[in-house]
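This is what each chain is made of:
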Amino acid sequence: MALAPAGEGADGGSGGAGAHRDIPYPDIPRPDAAALSAGAVAALALLWLLVCAPRDVGCHPLTVADLFDRVIRHSGRIHSLSTALYAELEKHFPPRDNELGRPARKCHTSGMLTPNGKEYAQKIPREELTHVILKLLQAWKEPLSHFNQHIEHHQELPDDSLSKAKQISNMVHELKTGVEKVTEKMQSMGIISNSLNGMASSEGTGLSISNEANMMSDSDFIHCFRRDSNKVQSYLKILKCRIMPENSC
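All residue numbers refer to positions counted from 1 along the written sequence of the respective chain. Selection of residues for local features in this predicted model requires a pLDDT of at least 70, selection of side-chain atom pairs for listing and counting requires 80 or more, and totals for whole chains, interfaces and linings are taken over all residues. The basis for every side-chain value is the complete set of heavy atoms in the structure, and neither hydrogens nor water enter the calculation.

### Observations concerning the nonpolar core
- The definition of a nonpolar core used throughout is a set of buried Ala, Val, Leu, Ile, Met, Phe, Trp, Tyr and Cys residues joined through side-chain atoms within 4.5 Å. Exposure is judged per residue with a 1.4 Å probe applied to protein chains only, and the accessible area is read against the type maximum: over 50% gives exposed, under 20% gives buried, and values in between give partly exposed. Counting 50 residues, the largest nonpolar core has Phe68, Ile133, Phe147, Met186 and Leu236 as its most contacted members.
- Going through the elements one at a time, helix H2 (64–92), helix H4 (126–151), helix H5 (159–189) and helix H7 (218–243) are the ones with two or more residues in this core.
- In contact with phenylalanine 147, not counting residues within four places along its chain, are Leu85, Leu89, Ala165, Asp218, Phe221 and Ile222. Here a helix means four or more residues in a row that DSSP labels H or I, a strand means two or more in a row labelled E, and each is numbered from the N terminus. Every residue pair with non-hydrogen atoms within 4.5 Å of one another is taken to be in contact.

This is the structure in structure tokens:
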């Protein structure tokens, strides 16, 4: 079977054929994200992900490939933030002597069935791969919200680290919304079938595993999230390439 319990993420690849057409998208100048607060960056990111109405002033055609590029870049920013935050947590909370030989981390999403490597991610149905992406994002929404509240009590952490934690939580919510919009657009164009709507809802996934996530140390928690954020970005790249193989990716 193409799915296995979650492991290391796959990288982008190519696959089956598909079709796409232009859709309207707002023509919004992209500002310097470094000058924005975490909340403003997240809000602006969602603005870049959503689709405007055809007759809206300032809209211009955007291909499905362009729309994928935006969610892929958004997921890349999340992964970069989590990498930086993990390094900061390791610096401020190094493992104690009795933890140096601790067993390997067991992430709270380890039991979820995800493609085990790029080869399998290229083979499973596109609808199923889309569902895996949404399921992973849903699984992290509530744990990240709890983590953000918890880490605010670490007075020894710099404000920049606290800001990163809040930004990650907000951006995961926005990314899930963006992927849902891409999914709806692909379904309306016939690129993927509507069978995704009949798959078991993942709305409760985050709730059922959040307690397990809360048992991990802060650095282990972010390490696990960093792993899964890399998988989400990789799966998005593979899905794009399978739908638009003309990009030779």
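From this point, things continue past the structure.
### Focus: the environment of serine 75
- Among the secondary structure elements, serine 75 is positioned in helix H2.
- For the pair serine 75 and leucine 236, spaced 161 residues apart in sequence, the C-alpha separation works out to 8.8 Å.
- Setting aside residues no more than four positions away along its own chain, serine 75 makes contact with Leu175, Gln233 and Leu236.

### Quick notes on the packing of aromatic side chains
- Ring geometry is summarised as follows: Phe, Tyr and Trp rings, the Trp one being its six-membered ring, pair when their centres sit within 6.5 Å, and such pairs are stacked at plane angles under 30 degrees, edge-to-face over 60 and tilted between the two. The tally for this structure, following the rule as stated, stands at three aromatic pairs.
- Centroid distance tryptophan 140 to phenylalanine 225: 5.2 Å. Interplanar angle 75°. Geometry classified as edge-to-face. Within this pair, whereas tryptophan 140 is found in helix H4, its partner phenylalanine 225 is found in helix H7, the two being separated by 85 residues in sequence.
- The exposure class assigned to tryptophan 140 is buried, which follows from its relative accessible area of 2%.
- Judged by its relative accessible area of 3%, phenylalanine 225 is buried.
- Chaining the aromatic ring pairs together yields one cluster made of Trp140, Phe147, Phe221 and Phe225.

### Notes on the packing of H2 against H7
- Packing of H2 against H7 brings their axes to within 9 Å, and their N-to-C directions diverge by 160°. Considering their axes alone, H2 and H7 lie roughly antiparallel with respect to each other. Note that H2 runs across H7; the crossing there is left-handed.
- When residue character is reported, Ala, Val, Leu, Ile, Met, Phe, Trp, Tyr, Cys and Pro are called nonpolar, Asp, Glu, Lys and Arg charged, and the others, Gly included, polar. Considered class by class, the residues forming the contact of H2 with H7 number 13 nonpolar, ten polar and six charged. Between N-to-C directions, angles cover 0 to 180 degrees, with each direction set by a line fitted to C-alpha atoms, over the stretch in contact for helices. When an angle is under 35 degrees it counts as roughly parallel; over 145 it counts as roughly antiparallel; between 65 and 115 it counts as roughly perpendicular; any other value is oblique. Whether a crossing is left-handed or right-handed is set by the direction in which the near helix is turned from the far one by less than a right angle, anticlockwise for left-handed and clockwise for right-handed.

### A closer look at the state of the cysteines
- To count as a disulfide, a pair of cysteine sulfur atoms needs to be within 2.5 Å. Under the defined criterion, the tally for this structure stands at one disulfide.
- Across a sulfur-sulfur distance of 2.1 Å, cysteine 107 and cysteine 224 are joined as a disulfide pair. Because the sign of the S-S torsion sets the handedness, a value of about -85° for the bond joining cysteine 107 and cysteine 224 places this disulfide among the left-handed ones. With a gap of 117 residues between them, cysteine 107 in the loop between H2 and strand S4 (113–115) and cysteine 224 in helix H7 connect regions that are remote in the sequence.

### Notes on the pattern of salt bridges
- Any Lys or Arg side-chain nitrogen located within 4 Å of an Asp or Glu carboxyl oxygen qualifies as a salt bridge. Applying the stated criterion across every chain yields a total of seven salt bridges.
- When the shortest N-O distance is used, the salt bridge between arginine 227 and aspartate 228 registers 2.8 Å.
- Judged by its relative accessible area of 12%, arginine 227 is buried.
- Residue aspartate 228 is classed as buried on the basis of its relative accessible area, which comes to 1%.
- Linked through salt bridges whose partners overlap, the residues forming this network are Glu88, Asp160 and Lys164.

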